[in-house]
Each structure stands twice: as structure tokens, then as C-alpha cells.
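One-letter residues, chain by chain:
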Amino acid sequence: MSGSVFPEGFLWGGAISANQAEGAFDRDGKGLSTADVLPRGVRGGPLRTATDGVEPGVLYPTHDGVGLYDRWREDVDLFAELGLKALRLSIAWSRIFPNGDDAEPNEAGLRFYEDLFRALRERGIEPIVTLSHYEIPLHLHEAYNGFADRRCVDLFVRYARTVFTRYRGLVTYWMTFNEINGFPHNPWDSGAVRSDDPAVIAQAGYHMLLASAQAVRAGHEIDPANQVGAMIGMIPIYPHTCAPRDVLLAQRTMEPAFRYATTMSRGALPPHHLGSLARAGIELDTRPSDAEDLLAGTVDYLSFSYYMSLTASADPALLDQQKGLFIKALDNPYLSRTEWGWQNDPDGLRWVLNELYQRFGKPLLIAENGLGATDRLTAEGTVRDPYRVTYLRDHLRTMGEAIAEDGVQVIGYTMWGFIDLVSASTGEMSKRYGVIYVDRDDDGAGTLQRYRKDSFDWYRRVIATNGADLG
């Protein structure tokens, strides 16, 4: 469209995950997943800790999600009204193989996603499907300790082959693991691993990279049209000052964020990762065929989440001010913060786009970006959320600058939680990201009725004009 810096066919979309949206955690043959034993958390609290199975009297928000499993037909109509060109969503592995190592897949689960993907296609919405979005069959933890056991590589690839085959022609864009580089910080969500042993965590992370590479190969073999991508979490770390030690520390703090992307893009473990393992006295258990698998299983594109940035300081006097769920760092005094303490940095998105494109030369897709805020439904049945429009507009503007001025190849943008869903970090509903409001509260009460927020109309105009009208 004239006046737009975004390419024709740009994938304007929204993003959700199965465990945060679907509900129906134990219906139609679905098995328990690692997400199904994560109870509700609290704002500002520590990461949620999984219980040993489902305990009576405990609220597990993912058990109901926002009811998408039962409401998906009307939801798809609403998504089409919004004008989505793409929907990033995930398959619940335990809906296909309830225990992860079952002899045969669950037909009811396969049929559910087939019906959903067909409905999306009929409305011109491209499914972008994540194979594992912070949930793995719970049995794989109980029987194998998740990806700490190499047998889970074969089980993941069998699952991937099953869905690649079933949805051939319905799904073209795939992602293997959600925010795979976050695994060392949160091995439960990403890999069903419970261990504090760095050697166990390193080995499990290696197995996930092998599983991803073999899945990429399978995806290309089953359907050459498939585009299989990596998904990483990106939090830029700037030097807190221009002191050289701050610059070096910022570089060193960012390095782990690129390890997985490097392996998945270039087909080999990067030297700096191997060096850090050697310094820690960790030797990975590898096989001769692994090198070939990694090299032959490089991804077609890179996707990432982006919400905030932080800074790093080598000043010992500032150590007690460092914070963060995964990366311990400092706030940037030049930036504002959200209700949940995440720093608002639209220019950081442009930095990330340039950094990833220059490093890897792969097409990029922004898989998650959005503002978590407390929204209030008005008597008229809407939400006045100019703060969300401002946040999204500012980030889309810098994305456009990266495309038009820096030459970065960006193929799509799927805003996170475009329909309200359960927050992954806290298990709350009150941390809302969507342009669609869902009547559900933190205690699990509500009708699950959907309402259009003011930002719904704004995002619809953005999509309709291919980004030319950012309002």
C-alpha cells in the first residue's frame, strides 16, 4: 500500500500459547503438561514453582485458560474481524501424545488443531505454529527428567513428524521451542527438567538444540514449503555508563542470549559457549552424528520476543540494585517503567532487529511484543487503553525505521496476547496484553465474554493500511 514502509504480504498478527489460552486441560484425551501443575502466582513474587501433580484446592490458571478450546469458532470470527493476517499459536504436545511416549497419537487432539487451522485458513489467517511453548508432557519429566534424557530428542522429533505430516498444506510457518535461550534460567518450563546441576542443564539444553535441528530436517523433508524458525527471547543489555568495564560487562551479559540462535542459524555450537563449558569443567555427551544433524538442521528464519531492555554495571556499589527474573541487571534512568516494572524502550526493538540481522542474515519475525497493564471494562463494554496504543505505535514505528532505513528484512509482527490470557510469569489474568478483553479475574471467576478494547479498532486500521496509518 502506498505510504507504507512494510512489504506486501507482511504478516500482521497476534500471538497466544496453548497453555495460556485453551483451557480444557484434561479433556478429549489430553494428558497433563508441565504447565498444568503451575499454580497461580502473584505480582512481584518469585517464579511459580510446579507442584507434584495436580493438588486439590490449588488454583491452576491454565486449566481453564480463557476458554479458547470451546470458543475457538467465535474467536476466529473475531480475529478475522480484527483483520489478522497471521496467528502465532502453539500445539499442546500432551494433546497429541498425552504422555509424550505413547505408541499412537491422540486423534481427538489432532482433529482439534486441524479444524482450527482450516478455519484460520478459510479466513485468510496464516497459522504460525510453535511446537513447544513452555509446556511438555508431564510424564516426560516423571519418567525421564525431560530433556536431560537424550531419549526425549527422539520423542520430540516423532511428535514433530506427526504434526508436520497431519497439517501439511495447512501450516507453513513453524517454530520449534519458545524462547529456547531462556532454558538455562528456567529449565522446568522449557525442558521439563528439575536440577540445579549446571552439567545437567547444559546437557539438556544441548539435547533441545539437537531436537530442534532434527525437527527442522523433518519439516523440510515432509514438506519442502515448510519454513521452520527459531524463537528466542531478547532483552538488550546496555552499558550503564560509558566506562569500558560497563561496556565489556554488557557484552558479556548479552552473550548467552545469542548461543542458541548461533547454533540454530549456523549449525554448530559457538566457540564462546564451548569455552564457557570447558571453564566450568563440563563436557557434553555427544555422538558423531550430532554435528551433521546440527549443520543440516539450520532454521529458515529467526523470531524473537521483545518487551524491555536493561543495563549492566561493573560498579560493586550498584550490585544490590540489580534485579530481574533471568538476567540480573539495572534499570535505565532514561526510560519509563510499566506497572510490572518492565522498562519501555521502543528504540531497543530497532537495536535488536539490527543486531540479529547483522549477526545472522536471516529473515526476522517479531513473535512477541506488547504491554501488560491493568485494564478496566467500562459500562459500555469496552476498555479505554490509550497507553497500549501509544506503546504499540512507538514500537511499530521503530520497526518500520529498521525496515526502511536500515534494510532489515522483517516478515511479520505478532503482538503478544492480542486477546487477554493467563500471564506466564505470574499466572494472573490482571496483567492484560490484549486488544480483546476477556471477562476473567485472577481467582478464576468471570463469564469469559469477549469485548473489543479501543486498541482493537486502532490495530485493525494498522493492519488494513499495512502499517501506513499508525494513528
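Residues numbered from 1 in each chain as written. Predicted model: local features only at pLDDT ≥ 70, side-chain atom pairs only at ≥ 80, totals over all residues. Heavy atoms only, no water.

Q: Any chance you could explain the layout of surface pockets here in plain terms?
A: A water-sized probe rolled over the atoms picks out the places where empty space is left. In this structure, the second largest pocket spans a volume of roughly 210 Å³. The wall of the second largest pocket is formed by 13 residues, among which Ala250, Gln251, Met254, Phe258 and Arg359 lie closest to the centre. Residue assignment for the lining of the second largest pocket shows that the elements contributing at least two residues are β6 (237–239), α9 (244–266) and α12 (346–360). By residue number, the principal contributor to the lining of the second largest pocket is α9, which donates 6 residues. Its residues placed into classes, the lining of the second largest pocket shows 8 nonpolar, 2 polar and 3 charged. (1 Å grid on protein atoms, 1.4 Å probe; cavity = no way out; pocket = protein on both sides within 12 Å on 5 of 7 lines; lining within 4 Å. Points joined across faces, edges and corners; volume = space filled by probe spheres on them. Helix = DSSP H or I, 4+ residues; strand = E, 2+ residues; numbered from the N terminus. Nonpolar A, V, L, I, M, F, W, Y, C, P; charged D, E, K, R; others polar.)

Q: For this particular structure, what's the right way to read the nonpolar core?
A: In summary, soluble globular proteins display a tendency toward joint burial of nonpolar side chains. Ranked by size, the top nonpolar core spans 136 residues in total, and within it Tyr167, Met399 and Phe418 carry the most contacts. The biggest single contributor to this core is helix α8 (residues 198–222), with 13 residues. (Core = buried A, V, L, I, M, F, W, Y, C linked by side-chain atoms within 4.5 Å. Buried < 20%, exposed > 50% of the residue type's maximum accessible area, 1.4 Å probe, protein only.)

Q: Help me understand unusual backbone geometry, please; the structure alone is not making it clear to me.
A: Trans peptide bonds make up the majority, and among non-glycine residues the majority have a negative phi. We note that tyrosine 134 has phi near 55 degrees; this positive angle belongs to a residue other than glycine. Tracing the chain through its elements places tyrosine 134 in the loop between β3 (126–132) and α5 (138–144). When its relative accessible area of 13% is taken as the criterion, tyrosine 134 is described as buried. Unlike most non-glycine residues, glutamate 179 shows phi in positive territory, near 45 degrees. With respect to the helices and strands, glutamate 179 occurs in the loop between β4 (173–177) and α7 (187–191).

Q: Quick question: what am I supposed to make of the packing of α12 against helix α13 (residues 386–404) here?
A: Pairs of packed helices are described in terms of their axes, by the angle between the two and the distance that separates them. Following both chains from N to C, one finds α12 and α13 inclined at 30 degrees, their axes separated by 8 Å at the closest point. Comparing their axes, α13 and α12 come out roughly parallel. Considering only the axes of α12 and α13, their crossing is right-handed. Here α12 contributes Pro346, Asp347, Leu349, Arg350, Leu353 and Asn354 to the contact with α13, which in turn contributes Asp394, His395, Thr398, Met399, Glu401 and Ala402. A class-by-class count of the residues in the contact of α12 with α13 yields 5 nonpolar, 3 polar and 4 charged. (Axes fitted to C-alpha atoms, helices over the stretch in contact; angles between N-to-C directions. Parallel < 35°, antiparallel > 145°, perpendicular 65-115°, else oblique. Left-handed = near helix turned anticlockwise from the far one by under 90°. Contact = heavy atoms within 4.5 Å.)

Q: What am I meant to see in the environment of phenylalanine 112 here?
A: Relative to the assigned elements, phenylalanine 112 resides in helix α4 (residues 107–122). On the accessibility criterion, phenylalanine 112 (7% relative accessible area) is buried. With residues near it in sequence (within four places) discarded, phenylalanine 112 still touches Glu22, Tyr69, Trp72 and Arg95.

Q: Where do I start with α8 in this structure?
A: Spacing of three or four residues puts side chains on the same side of an α-helix, whose turn is 3.6 residues. Over its 25 residues, α8 extends 36 Å from the first C-alpha to the last, a length consistent with the 36 Å expected when each residue adds 1.5 Å. Taking burial as the measure, the 25 residues of α8 include 19 buried ones, the bulk of the element. Here α8 starts with a cap whose side-chain oxygen sits 2.9 Å from the backbone nitrogen of alanine 199, and that cap is aspartate 197. (Expected span 1.5 Å × (residues − 1). Polar contact = N/O pair within 3.5 Å; in protein donor to acceptor, adjacent residues only side chain to side chain.)

Q: Would you take a moment to explain the side chain of threonine 263 for this structure?
A: Within the secondary structure, threonine 263 is located in helix α9. Those residues in contact with threonine 263 that sit more than four places away from it in its chain are Leu209, Ala268, Leu269, Pro270 and Leu294.

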